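Structure assessment
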Amino acid sequence: MTRSSLALFVVLLPLQASAQTIYKCMDAGGGILISNTPVSERCFPIASRARSAADSDRTQTVPERRKRVTSLPATSQEFSGSGVFVAPGVVLTSNHVVAHCQKVTVGTLKLLASVKASDAQNDLALLSISGLPQNFKVVKLRSNEPRLGENIAAVGYPLRGLLSSDMGISFGSVSATKGPIDALNLFQFSAPVQPGNSGGPILDSHGLLLGIVKGGLNVSKLQSATGITPQNVNFGVPVQLIRQFMKASAVELQVGVGDYSLAGDALAELARQFSLPIICKKE
């Protein structure tokens, strides 16, 4: 397989997740996809509330099911991602988390937010909020880019509505300083992430911001096309692009210095002070 043809299968899955229902879908190649929306007719809800509805469907005739589906009123949907405070009243996240939202709220208090600036090419967005949660803290950015092999922690709110609604943290290392097909605007890391981690901070061992979570390889499509099953292949937007984006958006940078390494529990406690869930409402 040539380099150009392989690029067709190196598809990043944004890790924005539904706060309501998670779907298991079959793609055109017969692979299994986990999605936050029913992307095709071959999708089945796997969240507990959705399963009970699906079970009731099986007791009805086809005309009855069609009648029930077509008579449902249009309702809004909520999806979730993650974010990090980078300045007073300013939250950094992934652009794909908020790009098509009619309403965005942040934090457990669901503070109303608006998009201050966005960069679709590098998948970055800055949100402005009118209030600050208790124990508010601004993350400090690292002055240098990710280094191959260094330890990192990925923080966020994965699969809200299916897993815990509390903040999660996972650990790994920088696997490559470039993204798919040598992309310069991404780096690769091994810490496990799930839908809902998008926009969450990637921290170095000192608790400094090294990047934010972008997504991972589409395992199903790559496996179907090549027979290869990638493991722990995830990607983040590196801090050097975040610094450029914040400067262009007239947001003051708070750059830190790593004096000493933190244990995992200390990193988690620090991350709680500047990490928060982001809820996107679509009509």
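What you are looking at is a predicted structure, and each value in this text was computed from that prediction instead of being measured. (Residues numbered from 1 in each chain as written. Predicted model: local features only at pLDDT ≥ 70, side-chain atom pairs only at ≥ 80, totals over all residues. Heavy atoms only, no water.)

Observations concerning the side chain of Asp 123
This is how it is decided: Numbering of helices and strands starts at the N terminus; helices are DSSP runs of H or I of at least 4 residues and strands are runs of E of at least 2. Two N or O atoms form a polar contact when they lie within 3.5 Å of each other; inside protein one atom must be a possible hydrogen donor and the other a possible acceptor, and for residues adjacent in sequence the pair counts only when both atoms belong to side chains. Contact criterion: two residues are considered in contact whenever any of their non-hydrogen atoms come within 4.5 Å of each other.
Along the chain, the position of Asp 123 falls in the loop between β9 (111–119) and β10 (124–129). A distance of 3.1 Å separates polar atoms of two side chains, one belonging to Asp 123 and the other to Lys 214. The residues contacting Asp 123, other than those within four sequence positions of it, are Thr 93, Ser 94, Asn 95, His 96, Ile 212 and Lys 214.

Some points on the state of the cysteines
Using the following cut-off: By convention in this document, the label disulfide applies to cysteine sulfur atom pairs within 2.5 Å. We call a residue buried when its accessible area falls under 20% of the maximum for its residue type, exposed when it is over 50%, and partly exposed in between, using a 1.4 Å probe and counting protein chains only.
Under the definition given, this model contains one disulfide. The disulfide partner of Cys 101 is Cys 280, and the S-S distance across this bridge is 2.0 Å. The chirality of the disulfide connecting Cys 101 with Cys 280 is left-handed, given an S-S dihedral of about -115°. Taken together, the positions of Cys 101 in the loop between α4 (95–98) and β8 (103–106) and Cys 280 in strand β17 (residues 275–282) put the pair 179 residues apart, joining distant regions of the chain. Across the pair, Cys 280 and Cys 101 agree in class, each one buried.

A look at the pattern of salt bridges
The following threshold applies: Here, a salt bridge means any Lys or Arg side-chain nitrogen found within 4 Å of an Asp or Glu carboxyl oxygen.
For the coordinates displayed, the defined rule picks out five salt bridges. The shortest N-O distance in the salt bridge between Arg 142 and Glu 150 comes to 2.7 Å. Among the residues examined, Glu 150 registers a relative accessible area of 9% and is labelled buried. Arg 142 is paired through a salt bridge with Asp 204; the nearest N and O atoms lie 3.3 Å apart. Taken together, the residues Arg 142 in the loop between β10 and β11 (151–156) and Asp 204 in strand β14 (residues 201–204) connect sequence positions 62 residues apart. The burial state of Arg 142 is the same as that of Asp 204; both residues are buried. Here the salt bridges do not stand alone but share partners, grouping Arg 142, Arg 147, Glu 150 and Asp 204 into one network.

Here's the deal with unusual backbone geometry
If you check the backbone angles, Asp 182 has positive phi at about 60° while not being a glycine. Structurally, the position occupied by Asp 182 is in the loop between β12 (168–176) and β13 (187–189). You can call Asp 182 partly exposed: its relative accessible area is 45%. Although it is not a glycine, Ala 250 adopts a positive phi angle of roughly 60°. For Ala 250, the location among the structural elements is in the loop between α6 (239–248) and α7 (264–271). The exposure class assigned to Ala 250 is exposed, which follows from its relative accessible area of 68%.

Here's the deal with the side chain of Thr 105
Its location among the elements puts Thr 105 in strand β8. When its relative accessible area of 9% is taken as the criterion, Thr 105 is described as buried. Once residues lying within four places of it in the same chain are set aside, the contact partners of Thr 105 are Lys 110, Leu 111, Leu 112, Ala 113, Pro 277, Ile 278 and Ile 279.

Things to note about the pairing of β14
Side-chain direction in a regular strand flips from residue to residue, so the side chains alternate between the two faces of the sheet. Keep this limit in mind: At least two bridges found by DSSP between two strands is the condition for calling them paired.
With burial as the criterion, each face of β14 is covered, one bearing Pro 201 and Leu 203 and the other bearing Ile 202 and Asp 204. With three bridges joining them, β11 and β14 adopt antiparallel strand pairing. Across the sheet, the residue bridging to Ala 153 is Leu 203, located in β14.

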